[in-house]
Amino acid sequence: MSSPPILGGASLFTGFTKLCKGLAVVLVAGHIVVQILPSAVNYLALIPAKTIPFAWNLITAGYIEQSIYGVVASTLCLLIMGKLLEPVWGSKEFLKFIFIVNFLISVCVFITAISLYYITRQENYLYMPISGFQGILAGFLVGTKQIIPDQELSLLRIKAKWFPSLMLLIAIAISFFTAESAKYLPTLIFGTYMSWIYLRYFQRKPETKLRGDPSVDFAFSSFFPEFLRPVIDPIASIFHRMLCGRFETSTEAHGYTLGGASLPGSDPIEASRRRERGARALEERLTAERLAAAQSAEELKKDASENV
C-alpha cells in the first residue's frame, strides 16, 4: 500500500509557519544588502583567505544569496520544507538545527578550501566567495528522509528517503558541465553529511531523554542503493568506531548501540514514533489546508450567487 503524497496540489503554497516566514525575510534582506552594497560580500560570504579575522562569515555565509534565482529558490524551499519539519521538531529545535548545521557546513568548506589550496597552490580556492542556503536545504531533505521516509512527492512519485541521494547525484552530474559548481557542490555535500551526523547522533529527544536516531533505516548506507549496502556498511562502521567510539560507549550504558546491526530497546520504538509523528503532522496540516480551501470555495460560491 503506497503512502499519501507529500504536499500535493494547492496546499504546496499555503500554511507557512511564522518562523519560516521570518527566516525567509532574513534571506531576502541578505540578498538586498549585497545587491545595494556589493562590497558586503567580502565581509558576509565565506572567503577562506579572509575568514581570519572575519570569523563571523562562518555564520553569515549560509544566509547570503548572491543571485536572484538563489534567493527565490531558497525562500520557496525553506517555506515549503519548513512547514513539514518544524511541527515535528518544534520551533526551537528547528532553529537549532539550522544554526548548528550551517556553522558546521561553513567550517567544513573552509577546511576543504584551505586543504585544496595547499595541495594545488591555486589561489582561487582562497578567494572564491561561497555563500547560500543550499546546504541547509540539503539538510532539510535529510530530515524529511528521517521522519517520513515512505511518503511520496506528489509530482514525481518518489519516496522521501531518496530525496537527499537524488539531489546529490544530480548536483554531482551537473558539476561536470559547469565551473560554478565549486560554489555550491561542497555546501550540498557537507550539508547532507553534517545534518545526518547531527540527526543520527546528537539531536535530543525530550520525550525519551535520548539523543540521535540509531535506527537501521537511518544508517549511512541507507543513502545508497540496496546492492551497495554490503560494501558501504563495513566502511561506515570503521569510520563510526574511529569518530564516534566515545559516544557509542556512553550510549551503550543506556541499553542500545549505534552500530550497523539492528538495535534493541528503544531504537525501533523511537523510529516508529518519529515516523508516526511526522505522518500525523503532515496529515493534520493537509486536512486543515483542505478545510480552509473548501471554506474559501464555499464563500466564493455564496458571493457569486449573491451577485447574480
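Residues numbered from 1 in each chain as written. Predicted model: local features only at pLDDT ≥ 70, side-chain atom pairs only at ≥ 80, totals over all residues. Heavy atoms only, no water.

Visitor: Where do I start with the pattern of salt bridges in this structure?
Guide: When their charged atoms lie close together, side chains carrying opposite charge are able to pair. Inspection of the entire model under this criterion finds one salt bridge. Arg 229 is the partner of Glu 226 in a salt bridge, and the nearest nitrogen-oxygen pair spans 3.1 Å. Given the relative accessible area of 58%, Glu 226 is considered exposed. (Salt bridge = Lys/Arg side-chain N within 4 Å of Asp/Glu carboxyl O. Buried < 20%, exposed > 50% of the residue type's maximum accessible area, 1.4 Å probe, protein only.)

Visitor: Looking at this structure, how should I read helix α1 (residues 18–36)?
Guide: In an α-helix there are 3.6 residues to a turn, and that puts residues three or four apart on one side. Helix length check: α1, at 19 residues, gives a terminal C-alpha distance of 27 Å against a target of 27 Å (1.5 Å per residue), a fit within 8%. Listed in full, the buried residues belonging to α1 are Cys 20, Leu 23, Ala 24, Leu 27, Gly 30, His 31 and Val 34. Each buried residue of α1 lies within a common arc of 120° when the element is viewed along its axis, so the set occupies one face. Seen from the buried face of α1, the exposed residues on the opposite side, beyond 90 degrees, are Lys 18, Val 25 and Ile 36. (Helix = DSSP H or I, 4+ residues; strand = E, 2+ residues; numbered from the N terminus. Expected span 1.5 Å × (residues − 1). Arc of directions from axis to C-beta.)

Visitor: It is not clear to me how a nonpolar patch on the surface should be interpreted in this structure. Could you clarify?
Guide: A cluster of nonpolar side chains, namely Val 28, Ile 32, Ile 36 and Leu 37, defines an oily patch on the protein surface of about 370 Å² accessible area. Turning to its location among the elements, Leu 37 is positioned in the loop between α1 and α2 (41–44). (Patch = residues over 30% accessible without salt bridge, like charges linked within 9 Å, V, L, I, M, F, W, Y side chains within 5 Å. Areas by Shrake-Rupley, 256 points an atom, 1.4 Å probe, with all protein chains shown as cover.)

Visitor: In this structure, what is going on with unusual backbone geometry? I would like to understand it.
Guide: Where the residue is not glycine, phi is negative for most of them; where a peptide bond is considered, it is trans in most cases. Going from Ile 52 to Pro 53, the amide bond is cis rather than trans, its omega being 20°. Structurally, Pro 53 is set in the loop between α2 and α3 (57–60). Positive phi values are uncommon outside glycine, yet Arg 121 reaches one of about 60°. In this structure, Arg 121 sits in the loop between α5 (91–120) and α6 (124–127).

Visitor: Sorry, what's going on with the UniProt feature "transmembrane region" (unreviewed entry) in the protein here?
Guide: Look at the UniProt record and you will see "transmembrane region" (unreviewed entry) annotated at residues 23–47, 67–85, 97–119, 162–178 and 184–202. Helix makes up 100% of residues 97–119 and strand makes up 0%, while its end C-alpha atoms are separated by 33 Å. Annotation note: span residues 162–178, helix share 76%, strand share 0%, distance between end C-alpha atoms 25 Å. (UniProt positions renumbered as here; feature names shortened; annotations may be inferred.)

Visitor: Where do I start with the side chain of Lys 145 in this structure?
Guide: Mapped onto the fold, Lys 145 is located in helix α7 (residues 134–147). Nearest to the buried, unbridged Lys 145 among oppositely charged side chains is Asp 217, at 8.4 Å. Setting aside anything within four residues of it in sequence, one finds Lys 145 in contact with Ala 160, Lys 161, Pro 164, Asp 217, Phe 218, Ser 222 and Phe 223. (Lys, Arg positive; Asp, Glu negative; His and termini not counted. Contact = heavy atoms within 4.5 Å.)

Visitor: What is the right way to look at the packing of aromatic side chains in this model?
Guide: What characterises a pair of aromatic rings is the spacing of the ring centres plus the angle enclosed by the ring planes. Under the defined criterion, the tally for this structure stands at 17 aromatic pairs. Relative to Phe 97, the ring of Trp 89 lies with its centre 4.8 Å away and its plane at 50°, an arrangement referred to as tilted. Here the two residues Trp 89 and Phe 97 agree in accessibility, since each one is buried. Among the aromatic residues, those joined into a cluster by ring pairs are Tyr 63, Trp 89, Phe 94, Phe 97, Phe 133, Phe 140 and Tyr 198. Lying across the ring of Phe 223, Lys 145 places its NZ or CZ 4.7 Å from the centre. (Phe/Tyr/Trp six-rings, centres within 6.5 Å; stacked < 30°, edge-to-face > 60°. Lys NZ or Arg CZ within 6 Å of the ring centre and 35° of its normal.)

Visitor: Mind showing me how you'd approach the packing of helix α4 (residues 68–89) against α7 here?
Guide: Any two packed helices are characterised by how steeply their axes cross, that is the angle between the axes, and by the distance between the axes. The contact between α4 and α7 brings their axes to 10 Å, and the two run at 35°. Relative to α7, the crossing made by α4 is left-handed. Between α4, through Ser 74, Cys 77, Leu 78, Met 81, Leu 84, Leu 85, Val 88 and Trp 89, and α7, the contact on the second element is made entirely by Leu 137, Phe 140, Leu 141, Gly 143, Thr 144, Gln 146 and Ile 147. (Axes fitted to C-alpha atoms, helices over the stretch in contact; angles between N-to-C directions. Left-handed = near helix turned anticlockwise from the far one by under 90°.)

Visitor: What am I meant to see in the environment of Met 194 here?
Guide: Structurally, Met 194 is set in helix α9 (residues 181–202). Taking C-alpha positions, Met 194 is 9.8 Å from Val 142, a pair spaced 52 residues apart along the chain. Here Met 194 is in contact with Leu 104, Ile 105 and Cys 108, once residues within four sequence places are set aside.

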